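Here are the chains, one letter per residue:
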Amino acid sequence: MEILTEKDKKKQLVISYTAFILNGMLALSIGALLPFIREARGLEYAFSGMLVSLHSVGNLLSSFFAGALAVRIGRKKSILIFNACYAISFFTILVSGNTACLIIAFLMTGLARGASSNFCNAVVNNLAPGKAAIINGLHAMFSVGAFAFPIILMFITANGDANWIYACAVMMVAGIICWLLYLSIPIKEEKLEKQDKGSNYGFFKEPIFYLVIVTMFFYLCAEQGVIGWLVTYFKDTGLMSASLAQLMASVQWIMILLGRLTTAGLSGKVSKNKLLPVMGIGLVVFYLLLLKSTTPTWIVIGIVGFGFSMAGIYPTTVSYAGNLIQKYPLAWSFVLTIASIGSIAMPSVIGAIADSAGILAGMTSVAAVVLIDLGCIFALTAYDKKNGQNV
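A. Quick look at helix H14 (residues 331–357). The terminal C-alpha atoms of H14 lie 39 Å apart, and with 27 residues this matches the ideal 39 Å at 1.5 Å per residue to within 8%. A bend of about 30 degrees at Ala 345 is the largest found in H14, and the proline Pro 347 appears one to four places after it. Gly 358 sits one or two positions beyond H14 and adopts a positive phi of about 105 degrees.

B. View of the packing of aromatic side chains. Within the structure shown, the criterion is met by 17 aromatic pairs. Ring geometry for Phe 203 against Phe 209: centres 5.0 Å apart, planes inclined by 55 degrees, an arrangement best described as tilted. For the residue pair Phe 203 and Phe 209, the accessibility class agrees, reading buried in each case. Where Phe 203 meets Phe 334, the ring centres are 5.4 Å apart and the plane angle is 50 degrees; that geometry is what we call tilted. Taken together, the residues Phe 203 in the loop between helix H7 (197–201) and helix H8 (207–236) and Phe 334 in helix H14 connect sequence positions 131 residues apart.

C. Structural context of the environment of Cys 120. With respect to the element layout, Cys 120 can be found in helix H4 (residues 99–127). When its relative accessible area of 0% is taken as the criterion, Cys 120 is described as buried. For the pair Cys 120 and Gln 12, spaced 108 residues apart in the sequence, the C-alpha separation amounts to 9.0 Å.

Analysis parameters
- Residues numbered from 1 in each chain as written.
- Predicted model: local features only at pLDDT ≥ 70, side-chain atom pairs only at ≥ 80, totals over all residues.
- Heavy atoms only, no water.
- Helix = DSSP H or I, 4+ residues; strand = E, 2+ residues; numbered from the N terminus.
- Expected span 1.5 Å × (residues − 1).
- Bend = angle between axes of the 7 residues up to and from the residue.
- Phe/Tyr/Trp six-rings, centres within 6.5 Å; stacked < 30°, edge-to-face > 60°.
- Buried < 20%, exposed > 50% of the residue type's maximum accessible area, 1.4 Å probe, protein only.

And the structure:
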């Protein structure tokens with residue numbers, strides 16, 4: 001049996017963290033580049049919106065199938081296949097304005113993103129099962145990439161919108177670098193396909209599996225709902241100008257980064273059973289404040305608090321499934337796939353409500369979601385206190 005040395009484990013961690021920075025850039029590039037692509041390719045708004053949805057669909061599909069494929073051919077071969085979509089998708093966007101090609105390209109960006117999320121979370125969990133600090137560190141790297149790409153794009157397009165193609169080329173190169181990183185990562189491959197079927201799917205009998213899923217589901221509903229509609233909400237309600245609303249979106253990502261770094265530091269000192277409920281309460285309180293605020297000062301306070309509170313919820317929740325993921329290799333694929341449905345559904349729910357009752361009503365629906373998520377958090381921590389992750 002292949003044994004990983006401490007040097008190999010350190011290399012796994014460094015590569016996973018670096019790849020997650022690139023994954024953050026990939027995630028934010030979709031929305032940031034879309035206006036330039038739409039104008040350059042003469043796309044309609046409806047078609048542009050469908051492209052964003054296809055990215056989310058690809059993300060959802062690969063979150064499951066990349067993990068399932070890993071069971072058959074090994075994690076390394078699986079991630080190399082799916083991550084190749086990263087560079088190929090941006091190359092396609094660069095050279096073709098054909099609608100069919102763009103549809104495939106945006107779907108492929110999601111395939112690459114979801115596979116990377118699946119792979120890196122699984123690797124880091126195996127390095128330190130259930131350790132919230134190291135997982136929070138991983139997701140902080142995602143925030144670094146998410147914050148960095150808009151800045152890169154801003155500088156590249158400063159002398160003209162037509163320069164967006166150079167930003168697209170940067171992302172293609174980033175995709176090649178990411179693939180090479182995965183090629184070099186040392187992985188202990190197990191012949192999972194020879195295991196008893198029951199040993200692969202035993203996680204369905206574990207209550208912690210369902211508690212983690214519902215907590216992540218409603219969190220992702222809130223996260224994607226707010227991130228996707230925040231700028232539109234401020235602009236359409238007249239609370240802020242379009243440029244100031246964009247600035248607030250950037251402030252939110254800065255706070256997400258600071259929050260993840262803070263949570264990573266606190267996770268080694270404070271029990272996650274204490275930390276997660278505090279973050280959940282903060283999520284509710286600051287979102288309600290944001291929703292009720294009508295002056296810039298209170299809006300900024302709401303955004304800062306909401307971004308900071310939401311930052312550590314996802315990775316800390318993942319840490320509760322650490323032992324489960326290590327014991328059942330397919331568990332993470334199911335957790336991520338089912339929970340990710342929330343991130344796809346909620347933006348559409350908000351849009352549907354906004355069409356009939358206004359954008360304020362649409363954003364108010366998120367208040368119900370964060371309250372439900374807080375209840376899920378209390379249920380998750382109560383179960384963990386009682387059972388201690390006996391999986």
